[in-house]
Amino acid sequence: MSEKSHVISTLVEHKPGVLQNVAGLLNRRGFNIDSITVGTSEVEGLARMVFVIKGDEKVLEQVIKQLHKLVDVVKIKDLDPEYVLKRELCLVKVKTGKADARSDNMRISSRQKSLMYVMILFQWRLQAIRTRLIHSWNCLNHSESRK
Amino acid sequence: MRGGDAIIKALMDKGVDTIFGYPGGTVIPFYDMLYDSDLRHILVRHEQCAAHAAEGYAKASGKVGVCLATSGPGATNLVTGIANAYMDSSPIIAITGQVVSNLIGNDAFQEVDIMGITMPITKHSYQPKDANDIPSIINTSFEIASTGRNGPVLIDVPKEVQEQELDDYVLGTIPTPGYKPTIRGNSKQIVKAAQMLKSAERPLILAGGGTILAGAGEEVKKVSELIKAPVATTLMGKGIVDEKDDLSIGMLGMHGKQVANQNVNKTDCLLAIGCRFSDRTTGKLEEFLPEAKVIHIDIDPAEIGKNVAVDLPIVGDAKIVLDQLINELEGSKIDESAWFKSIVDFKKSTIPRVSYDDIPLKPQQVIKEIAGAITEDTIVTTDVGLHQMWAAHFLDISKPRKFISSGGLGTMGFGFPAAIGAKVACPDDAVLAIVGDGGFLMVSQELATIKEHDIPVVIAMLNNRKLGMVYQWQNKMYNKRYSETDLGNTPDFVKLAESYGINAEKVGEVDKTQEVLFKALKDNESILLEITIEKDEFIPMFPPGGGINDLLGEYKYEKDVAGGK
């Protein structure tokens, strides 16, 4: 069985300790979380937790079954990659060379150079540049970036 | 009515007659209100024993056991007992005091995050912020602890909530939208299971603790008779069918009976019910069940396929699923097979040797003496160690809930307090605690508890002056380097018991031991019997990491004795 990333979306009761309980369960059973996001959901009193978990089918089955055992976990869905559009948003602050006596134009160009380097490294698309801080966003397909 | 009164009333409304506890700073309000109530409280001498006693109570009676302790150290002392109940799926409720709400998080005196500490070892936990929620929280906690896969629930009650006046006492429920245990088996799976069992040539049943929790003794027996399958059990399933019966082949596993260990791999269809295939039961998984199709019935879906690959999973309550299965099987005629007969013959020819006349007594002989002294209604509890495995291996138990032991966690010190809980739950049954000298010393202070509350428990302490189980491993696998396992400098146990006002006696003769035990159990009085045993007598085992058919050392059979006994 191959190790794959799975996106698991859960609805949990929105109350203190639930994140600790879920994260603790995944940790103590040795499951590998790639990422986790938590936020309020469209249903009042419930929060949505989305994990990306790496493992084979057996691991995935255990993760889902073990999560089901938590009383505070209401609903669990293993999102099928065929039908899921995944987006990740990344905010990057790039440190560039020190401003020196050269012209302002030169300075921007040195910043742009650093930024280009980062963009090429991650195969990103440039969205916006601010003069003091340079922001870059990119939408990329999660599973492809893992290859 | 205040919060503490609400705890007491809700517990009593749920049918609790006794709780086990120990007072402290943050539960003084509760104890003040307990003073005027009819709820019986057993004052233990260490909080760990309150949790073990609650579990013994639960295991003996099938009801929910309740223990209570203060915040901080009181709560952390409960942890071992809660973990034990979690591993063995025992329905207990642990109530702890907590510092007043506005101090929580400030490292207040005797503050500890007990909800956080016990998160991995409880089924669920609550911390009421409003006394009006207490009745519903207790009601829901009972529901969670005693349905689905049973387990411990913790309720952490801040001090001021215990003192808060309730507007109204309502025994409602706290919504638990995520909690929906599956009770009935999927009927299509049941039909398939029946077909697999009918066509199996060498079926075998493995019954675990889940069958006892579900009260499925009759059903296991019935299925076994219908399909002509012998029944092996795990440690926790001991007693689900009468072990004296032909169809029972006893405990399977690391210290299992030869008839179970040597035959389990021959089966072509294993019906596993309410067990979790622990490493102590299966041995090396690659060598376990090479040719069998596995049907696994369990109330916890997470146990199915966790350790052993399963061909047919059925999620549901063991008693109800087996009832469904019986309906499906009934009417079909399965003849007594050569397989069943071969197992019965195997059992007869591999009766473990228990008869010895050596002095000091061999542990096997001690178990034989115990077997002669108990009835099928005697509740036997054990601690953890060699004596536990001797009892599990050599002592035949005839009814469910009559053998109470610490399985998954393997907690030394469990046996004696569990016996206290069992006796409180079943005052009409004789209770015998089989313990070792090591484990007993961890909880010997509870002699004061049984004296004060007049709880008659007979303690058979097998004294080899060793930490026996580790001593055995050191003997067999660590070149006889006996590091820190000698307990030679133990107290005079007779004097120790007498100092608590408990009768005690040293016994160590063949047949005499049985007489003394028999009288003690019949008289319904507490007594500590110290039985000196041979230190170098070990329990048969497969080596850790070994397969179920491996055997470390020699297995002694009764037929080896000249003339037999």
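Procedures and definitions
Residues numbered from 1 in each chain as written. Chains lettered and ligands numbered in written order. Predicted model: local features only at pLDDT ≥ 70, side-chain atom pairs only at ≥ 80, totals over all residues. Heavy atoms only, no water. Pairing = 2+ DSSP bridges. Helix = DSSP H or I, 4+ residues; strand = E, 2+ residues; numbered from the N terminus. Axes fitted to C-alpha atoms, helices over the stretch in contact; angles between N-to-C directions. Contact = heavy atoms within 4.5 Å. Salt bridge = Lys/Arg side-chain N within 4 Å of Asp/Glu carboxyl O. Buried < 20%, exposed > 50% of the residue type's maximum accessible area, 1.4 Å probe, protein only. Expected span 1.5 Å × (residues − 1). Polar contact = N/O pair within 3.5 Å; in protein donor to acceptor, adjacent residues only side chain to side chain. Phe/Tyr/Trp six-rings, centres within 6.5 Å; stacked < 30°, edge-to-face > 60°. Lys NZ or Arg CZ within 6 Å of the ring centre and 35° of its normal. Parallel < 35°, antiparallel > 145°, perpendicular 65-115°, else oblique. Left-handed = near helix turned anticlockwise from the far one by under 90°. Nonpolar A, V, L, I, M, F, W, Y, C, P; charged D, E, K, R; others polar. pLDDT = per-residue confidence, 0-100. Buried area = accessible area lost by both parts, 1.4 Å probe.

A. Representation of the sheet that holds strand β10 (residues 269–273) of chain B. Residue and element names in this part refer to chain B. Taken in spatial order, the six strands of this open sheet run β9-β8-β7-β10-β11-β12, and their pairing is parallel. Of all strands in the sheet, those bounded by a partner on one side alone are β9 (248–251) and β12 (312–315). Ignoring strand direction, the axes of neighbouring strands in this sheet form an average angle of 15°. Here strand β7 (residues 203–207) runs beside strand β8 (residues 231–233); their pairing, made up of three bridges, is parallel. Looking across to β8, one finds that I205 is bridged to V231. Packing against the sheet, helix α8 (residues 187–199) makes contact with β10, β11 (293–298) and β12, and its axis sits at approximately 135° to β12. Packed onto the sheet, helix α10 (residues 217–227) meets β7, β8 and β10 and runs at close to 170° relative to β7.

B. The sheet that holds strand β4 (residues 73–79) of chain A, seen in detail. All names here are of chain A. In space, the four strands of this open sheet follow the order β2-β3-β1-β4, with antiparallel pairing throughout. Two strands in the sheet have a free side with no partner beyond their single neighbour: β2 (32–40) and β4. For this sheet, the mean inter-axis angle between neighbouring strands, taken without regard to orientation, is 20°. Here β2 runs beside strand β3 (residues 46–55); their pairing, made up of eight bridges, is antiparallel. Each residue of the ladder has a partner; that of I36, found in β3, is F51.

C. Highlighting the pattern of salt bridges. Per the stated rule, a full pass over the model turns up 33 salt bridges over all chains. Notably, a salt bridge pairs D72(A) with K15(A), separated by 3.3 Å at the nearest N-O pair. A residue pair is termed long-range when its members are at least 10 positions apart, and D72(A) in the loop between α2 (57–69) and β4 and K15(A) in the loop between β1 (4–13) and α1 (18–28) qualify at 57 residues. For K15(A), a relative accessible area of 32% corresponds to the partly exposed category. One network of salt bridges, with partners in common, ties together K69(A), R149(B), D300(B), E303(B) and K306(B).

D. Molecular detail of α2(A). All names here are of chain A. The end-to-end C-alpha distance of α2, which contains 13 residues, comes to 19 Å, matching closely the 18 Å that a straight helix rising 1.5 Å per residue would cover. Three or more residues of α2 are buried, namely L60, Q62, V63, K65, Q66 and L67. Looking at where α2 begins, the residue whose side-chain oxygen comes 3.1 Å from the main-chain nitrogen of K58 is D56.

E. How the structure looks around the packing of aromatic side chains. Residues and elements named next belong to chain B. On inspection of all chains with the given rule, the structure shows eight aromatic pairs over all chains. Following the ring pairs from residue to residue traces out a cluster consisting of F416, F440 and F493. The ring of Y356 carries the charged tip of R353 above its face, separated from the ring centre by 3.9 Å.

F. Representation of the packing of α10(B) against helix α13 (residues 318–329) of chain B. Residues and elements named next belong to chain B. It is at 9 Å that the axes of α10 and α13 come closest, and there the two elements cross at 30°. Taken together, the axes of α10 and α13 lie roughly parallel to each other. For the pair α10 and α13, the sense of crossing is left-handed. Contacts from E219, V220, K222, V223, L226 and I227 of α10 reach α13 at K319, L322, D323, L325, I326 and L329. Along the lines of polarity and charge, the residues of the contact of α10 with α13 split into eight nonpolar, no polar and four charged.

G. Layout of the confidence of the model for chain B. The predicted model of chain B averages 95 in pLDDT, with 99% of residues at 70 or higher. As scored by the predictor, the complex reaches a pTM of 0.91 and an ipTM of 0.87.

H. Main features of the interface of chain B and chain A. On the chain A side, the residues contacting the 19 residues of chain B number 18 residues. In total, chain B and chain A occlude about 1400 Å² of area from one another, counting both sides; carbon and sulfur atoms represent 51% of this. Seen at the junction of chain B and chain A, the total is one salt bridge. A salt bridge links D300(B) to K69(A), with the nearest nitrogen and oxygen atoms 2.7 Å apart. Taken together, the connections running from chain B to chain A amount to five residue pairs in polar contact (both at pLDDT 80 or more). The residue makeup of the side of chain B that touches chain A, split by class, is nine nonpolar, five polar and five charged.

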